[in-house]
There are 2 protein chains.
Amino acid sequence: MADNHSLENLVQALRRLPGVGVKSAQRMAFHLLQHDREGAQLLAGALQAAVSEVRHCALCHTFTEDEVCATCRDPRRDRSQLCVVETPADQAAMERTGAYKGLYFVLMGKLSPLDGVGPRDIGLDKLFDRVDDPAAEVPVREVILATNFTAEGETTAHVIAQALKDRGLQVTRLARGVPVGSELEYVDLGTIAHALVDRR
Amino acid sequence: MADNHSLENLVQALRRLPGVGVKSAQRMAFHLLQHDREGAQLLAGALQAAVSEVRHCALCHTFTEDEVCATCRDPRRDRSQLCVVETPADQAAMERTGAYKGLYFVLMGKLSPLDGVGPRDIGLDKLFDRVDDPAAEVPVREVILATNFTAEGETTAHVIAQALKDRGLQVTRLARGVPVGSELEYVDLGTIAHALVDRR
Ligand SMILES: [Zn+2]
Ligand SMILES: [Zn+2]
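The rules we used
- Residues numbered from 1 in each chain as written.
- Chains lettered and ligands numbered in written order.
- Predicted model: local features only at pLDDT ≥ 70, side-chain atom pairs only at ≥ 80, totals over all residues.
- Heavy atoms only, no water.
- Contact = heavy atoms within 4.5 Å.
- Buried area = accessible area lost by both parts, 1.4 Å probe.
- Salt bridge = Lys/Arg side-chain N within 4 Å of Asp/Glu carboxyl O.
- Polar contact = N/O pair within 3.5 Å; in protein donor to acceptor, adjacent residues only side chain to side chain.
- Helix = DSSP H or I, 4+ residues; strand = E, 2+ residues; numbered from the N terminus.
- Nonpolar A, V, L, I, M, F, W, Y, C, P; charged D, E, K, R; others polar.
- Donors = N, O, S within 2.8 Å, 3.2 Å for Na, K, Ca; no water.
- Tetrahedral: all angles 85-135°; square planar, octahedral: opposite > 155°, others 65-115°.
- Buried < 20%, exposed > 50% of the residue type's maximum accessible area, 1.4 Å probe, protein only.
- Domains from an automatic or database assignment.

Our focus in this paragraph is the interface of chain B and chain A. By convention, interface size is frequently given as the accessible area that disappears when the constituent parts associate. Chain B puts 55 residues into the contact, and the matching count from chain A is 55 residues. Contact between chain B and chain A buries roughly 5,200 Å² in total, counting both sides, with carbon and sulfur atoms accounting for 62%. Connecting chain B to chain A are 6 salt bridges. Counting across the interface, chain B meets chain A through 18 residue pairs in polar contact (both at pLDDT 80 or more). Going through the elements one at a time, α1 (5-14), α2 (22-35), α3 (37-53), β1 (55-56), β2 (63-64) and α5 (88-97) of chain B are the ones with two or more residues in the side of chain B that touches chain A. By residue class, the composition of the side of chain B that touches chain A is 29 nonpolar, 13 polar and 13 charged.

Below you can see the structure in the form of structure tokens.
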């Protein structure tokens with residue numbers, strides 16, 4: 001394929017997707033070029049649009065196309081409660097339970113010292129600024145820690161809990177109705193809803 | 001994510017990649033937007049370039065950016081031999097053995113009646129035109145069938161063999177040194193080289 005630089009470049013670019021090795025990347029490139037060029041163009045356009053439009057909510061840090069996301073703007077949400085989750089997918093899982101009406105803080109990651117992910121990388125300074133804000137109309141009264149029940153998620157919850165308790169805030173954790181070792185995103189809704197009611 | 005159309009569109013577009021379900025697509029979108037926006041832009045550009053630059057070689061049907069690919073243009077190749085493979089990845093596996101010096105015909109697929117893939121979809125009309133060409137400088141003397149040793153690959157080889165033998169051509173098949181049921185792309189080079197020598 002010495003005369004085929006754009007195919008080689010495509011295979012290399014596809015390898016930047018998580019979980020995609022060289023064989024998968026070749027299969028993806030082959031599939032798109034042989035059977036779905038329309039899909040390749042759609043994907044190119046979607047990538048460009050997402051990179052230019054998607055940013056982080058100024059309040060909760062999740063992905064949004066606005067300065068402040070729709071959830072944070074919603075006047076019906078209880079602003080005295082703040083639920084801390086690792087990712088937008090975890091937030092979506094919480095929302096699907098219908099059991100939570102407060103606001104969120106989305107870490108967009110988890111503490112992982114071995115991978116070089118420290119407190120600033122998951123926005124803990126912003127989280128602390130937010131709960132400390134003396135100008136807030138409704139002060140945050142309770143922070144619910146809904147990080148995953150994995151080793152890194154538990155560590156993250158522990159670090160945040162210590163810092164917030166030092167500030168005199170009520171800090172709760174989802175009850176262990178959620179199976180230990182599992183990731184929130186894959187847990188059934190009833191279990192999450194139950195764990196929310198039983199938070200401690 | 002009601003206010004997040006470009007993120008939703010990106011997840012949908014990623015699902016058009018083979019083997020990517022909704023959870024993988026969400027993880028890919030999250031990874032690109034959170035950790036690798038440069039990769040997202042690279043991928044978008046690579047997709048655009050590949051779609052506009054990559055076409056099929058007029059002679060062997062493989063992907064190329066030229067009218068005729070570098071292999072078909074190479075004056076050192078033996079033009080009396082034609083090796084039929086399913087995909088460019090299979091052709092690349094043959095090339096890596098260094099044991100073959102003829103030309104190729106790349107089907108870009110295999111016969112698969114259940115999926116609606118018939119002879120025209122894998123370019124058999126073009127293959128037959130090529131071996132029949134009375135104006136060819138060097139006529140094709142031997143066709144080596146190197147489709148995969150799967151059920152569909154064997155059927156494809158059988159159909160091509162019948163049609164070519166009716167034309168009085170010498171038709172050979174890679175020897176069964178290649179393990180039955182396996183795909184050429186994943187077979188070690190020594191086995192492929194041995195099977196090429198032992199073709200029958
Ligand atoms: Zn927000
Ligand atoms: Zn060619």
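It is worth spelling out the coordination of the zinc ion (ligand 1) at this point. Residues and elements named next belong to chain A. All of the protein donors around the zinc ion (ligand 1) are Cys 57 (SG), Cys 60 (SG), Cys 69 (SG) and Cys 72 (SG); their distances to the metal are 2.3 Å. For the zinc ion (ligand 1), the 4 donor atoms in the first shell make angles of 104 to 117° at the metal, a pattern classed as tetrahedral. Here the donor residues of the zinc ion (ligand 1) are spaced in sequence according to C-x2-C-x8-C-x2-C. This pair shows no difference in class: Cys 57 is buried, exactly as Cys 60 is.

So, on to the domain arrangement of chain A. Each assigned domain of chain A is listed with its residue range as follows: domain 1 (2-52) and domain 2 (79-169). Here the C-alpha centre of domain 2 of chain A lies 35 Å away from the C-alpha centre of domain 1 of chain A.

Residues spaced three or four apart along an α-helix point in a common direction, a consequence of the helix completing one turn every 3.6 residues. Among the 10 residues of α5(B), 7 are classified as buried, and the element is accordingly described as predominantly covered. Looking one or two residues beyond α5(B), the residue adopting positive phi is B:Gly98, at roughly 70°.

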